[in-house]
Amino acid sequence: MNNVSHPAKIESRPGHGSVTSYVIGFLLSLIFTLIPYSLVIHQSLDKNALLATILGFALLQMVVQMIFFLHLGREKKPHWNLFFLVSTIGIILLVMVGSLWIMSHLSHGMSSMNVTDKIVTGEAIYQVNGVQVGTCSGNGTNHRIVLLGNVPTPRHTDAQICDTLTIMTQDNVTRALMFGPRAKAETYAGETSVSVSPKQSAVITLTQLGTHTFHDRKVNGPTGDFTVTR
Amino acid sequence: MEADHELGGHEAASDDRVGFGFWVYLMTDLLMFTVLFATFAVLRNNTFGGPTGRELFSLPAALSETLILLTSSFTAGLGMLAARRGSKNQVLTWFGVTYLLGIAFLALELREFTAFIHEGHTWHSNASLSSFFTLVGAHGLHITLGLLWMGITLVFIWVRGLDSHLIRKLTLLSLFWHFLDIVWIFIFTVVYLMAFV
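Remember, it's a predicted structure, so these values are computed and weren't measured experimentally.

Turning our eyes to something else, we now look at the overall build of chain A. When helices and strands are tallied, chain A shows 5 helices and 11 strands. Within chain A, the fraction of its 230 residues that count as buried is 20%. Considering only intrachain contacts with a sequence separation of at least 6, the fraction spanning at least 24 residues in chain A is 54%.

On to the sheet that holds strand β11 (residues 223–229) of chain A. All names here are of chain A. Sheet architecture is open: 5 strands sit in the order β5-β11-β10-β7-β8, paired in mixed fashion. Two strands close off the open sheet at either side, each with one partner strand: β5 (156–160) and β8 (193–196). For this sheet the average axis-to-axis angle between neighbouring strands, irrespective of direction, equals 25°. Here strand β7 (residues 175–179) runs beside β8; their pairing, made up of 4 bridges, is antiparallel. Counted as the bridge partner of A176 is S195 from β8.

Within the element layout of this structure, L81 of chain B appears in helix α3 (residues 59–85). Taking the number of C-beta atoms within 10 Å as the measure of exposure, L81 of chain B has 20 and is therefore buried.

Glancing now at the confidence of the model for chain B. Detailed reading of the predicted coordinates is not advisable wherever pLDDT falls low. All names here are of chain B. Summarising the model, chain B shows a mean pLDDT of 92, and 94% of its residues fall at 70 or more. Under a pLDDT of 50 for its full length, residues 1–7 has, in the predicted model, 2 contacts with residues more than four places off or in other chains. With a pTM of 0.69, the predicted complex shows an ipTM of 0.90.

For the rest of this paragraph, the subject is the interface of chain A and chain B. In many reports, interface size means the accessible area that the parts give up when they come together. Taken together, the 44 residues of chain A in the interface contact 44 residues of chain B. Of all the elements in the fold, those that place two or more residues in the side of chain A that touches chain B are α1 (7–11), α2 (19–42), α3 (47–68) and α4 (80–107) of chain A. Sorting elements by how many residues they give to the side of chain A that touches chain B places α4 of chain A first, with 12 residues. Residues belonging to the side of chain A that touches chain B are distributed by class as follows: 29 nonpolar, 11 polar and 4 charged.

As a further point, take the sheet that holds strand β6 (residues 164–169) of chain A. Pairing between sheet strands relies on hydrogen bonds along the backbone, with the strands arranged either parallel or antiparallel. All names here are of chain A. Pairing within the open sheet is mixed, and its 4 strands lie in the order β4-β3-β6-β9. Looking along the sheet, the strands with just one partner apiece sit at the ends: β4 (151–153) and β9 (201–205). Here the average twist between neighbouring strands, direction ignored, is 20°. Pairing of strand β3 (residues 142–148) with β4, which is carried by 3 bridges, proceeds in the antiparallel orientation. In the sheet register, L148 faces β4, and the bridge partner there is V151.

This paragraph deals with the environment of T33 of chain A. Structurally, the position occupied by T33 of chain A is in helix α2. According to the C-beta neighbour criterion, T33 of chain A is buried, with 21 such atoms within 10 Å. A sequence separation of 24 residues divides T33 of chain A from F57 of chain A, and the C-alpha atoms of the two residues are 7.6 Å apart. Apart from the residues within four sequence positions on either side, T33 of chain A is in contact with Q61 of chain A together with T66, L67 and L70 of chain B.

Right, let's talk about the packing of helix α4 (residues 88–118) of chain B against helix α5 (residues 127–160) of chain B for a bit. Residues and elements named next belong to chain B. With their axes 10 Å apart at the nearest point, α4 and α5 run at an angle of 155° to one another. Classed by the angle they form, the pair α4 and α5 counts as roughly antiparallel. The way α4 lies across α5 gives a crossing that is left-handed. Contacts from K88, V91, L92, F95, G96, T98, Y99, G102, I103, F105, L106 and E109 of α4 reach α5 at G140, I143, T144, G146, L147, M150, G151, L154, I157 and W158. In the contact of α4 with α5, the residues fall into 13 nonpolar, 7 polar and 2 charged.

A word on α2 of chain A. A turn of α-helix holds 3.6 residues, and therefore any two residues three or four places apart point the same way. Over its 24 residues, α2 of chain A extends 35 Å from the first C-alpha to the last, a length consistent with the 34 Å expected when each residue adds 1.5 Å. By the burial criterion, the buried members of α2 of chain A are Y22, G25, F26, S29, F32, T33, P36, Y37 and V40 of chain A. Turning to α2 of chain A, the residues buried within the fold contact α3 of chain A together with α3 and α6 (164–192) of chain B. Positive backbone phi, at 50°, marks Q43 of chain A, one or two positions downstream of α2 of chain A.

Criteria and cut-off values
Residues numbered from 1 in each chain as written. Chains lettered and ligands numbered in written order. Predicted model: local features only at pLDDT ≥ 70, side-chain atom pairs only at ≥ 80, totals over all residues. Helix = DSSP H or I, 4+ residues; strand = E, 2+ residues; numbered from the N terminus. Buried ≥ 20, exposed ≤ 12 C-beta atoms within 10 Å, placed from the backbone. Contact = placed C-beta atoms within 7 Å. Pairing = 2+ DSSP bridges. Axes fitted to C-alpha atoms, helices over the stretch in contact; angles between N-to-C directions. pLDDT = per-residue confidence, 0-100. Nonpolar A, V, L, I, M, F, W, Y, C, P; charged D, E, K, R; others polar. Parallel < 35°, antiparallel > 145°, perpendicular 65-115°, else oblique. Left-handed = near helix turned anticlockwise from the far one by under 90°. Expected span 1.5 Å × (residues − 1).

Right under this line is the structure:
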């Protein structure tokens with residue numbers, strides 16, 4: 001009870017505020033809450049301006065409450081609390097801006113279906129009848145199919161599971177090889193097609209068993225097949 | 001009187017240290033909220049075909065929650081001034097009002113949560129709702145713990161009267177309460193208002 005019996009001494013210590021400061025803080029906070037609320041309700045600005053304005057009012061209200069409710073900066077020097085707050089805000093900006101930036105780059109142009117297909121081929125997931133049963137370790141034999149004119153060489157390839165298949169073009173045509181016979185599109189290891197640029201090659205890992213045909217998207221393009229066994 | 005003065009100086013220095021320690025805790029708590037905010041900001045549109053925030057949230061309800069919490073922050077401040085004047089009854093009155101407003105806030109929030117869950121929009125539904133329930137729920141949990149702390153402190157004050165120890169507890173408590181109001185401003189803006197932009 002000792003402290004309480006000397007109100008004058010206690011009031012003189014810095015950083016405690018007064019009724020006036022709390023009332024000012026309260027009224028300003030009310031205003032800074034109601035303005036962005038009515039702006040959003042009436043949709044009176046375009047999207048980006050509205051976004052910037054309501055975030056601005058939130059920051060303004062934070063500063064108001066820190067000054068009038070938390071009495072920041074009115075403590076004795078050195079201002080350790082303020083120092084800590086400023087460094088925390090630095091970390092907050094890093095985390096917020098960094099997360100949004102990185103994640104928007106990652107999700108750019110990548111639909112969720114794309115992601116699944118890319119994981120299937122990227123991780124070389126070994127499939128039997130479409131069921132994933134393991135992954136290939138990457139030391140299978142490599143087979144080569146050369147596309148020249150309308151003829152793939154060889155027309156038929158025999159391979160074992162986890163082997164790789166290199167498809168090369170030797171002319172100046174960009175090839176889009178589709179899996180399955182011309183009449184009926186199929187997928188192979190999650191992919192519907194393989195595209196090969198002129199005088200380049202593409203490699204696929206044979207992770208699905210069975211005999212599979214492929215055909216060029218063009219009407220008279222090369223067609224062929226390959227058989228994958230255990 | 002001389003002894004009193006010595007004691008007062010020592011208490012003040014100790015108050016500053018405890019206050020700073022509590023401030024450091026608040027800043028780390030703020031970092032935790034930052035991570036939850038960042039998660040929400042990244043995942044807010046990943047609704048997996050489910051309804052977006054615009055279809056789910058009610059802005060008037062969010063505004064009432066905001067105004068209730070803001071007023072409770074204000075009454076906590078008035079209670080703190082009463083504590084420094086040494087007026088036990090005013091402390092009990094103002095913090096009693098703060099307590100009731102806190103309960104009202106929590107009730108509104110729980111009503112919103114249960115309504116979502118009854119409509120089948122749970123934290124299992126999609127990434128957007130998972131991050132929503134985590135962020136807003138973490139704030140609600142802080143409010144619940146704050147109310148527990150406030151209730152216990154008020155009972156102590158009621159029974160034992162105001163002493164310097166309890167005034168220090170109230171100081172930290174009001175700091176915590178103002179802090180939760182500031183975090184809520186950003187929940188109101190980022191979660192609720194931005195869903196309608």
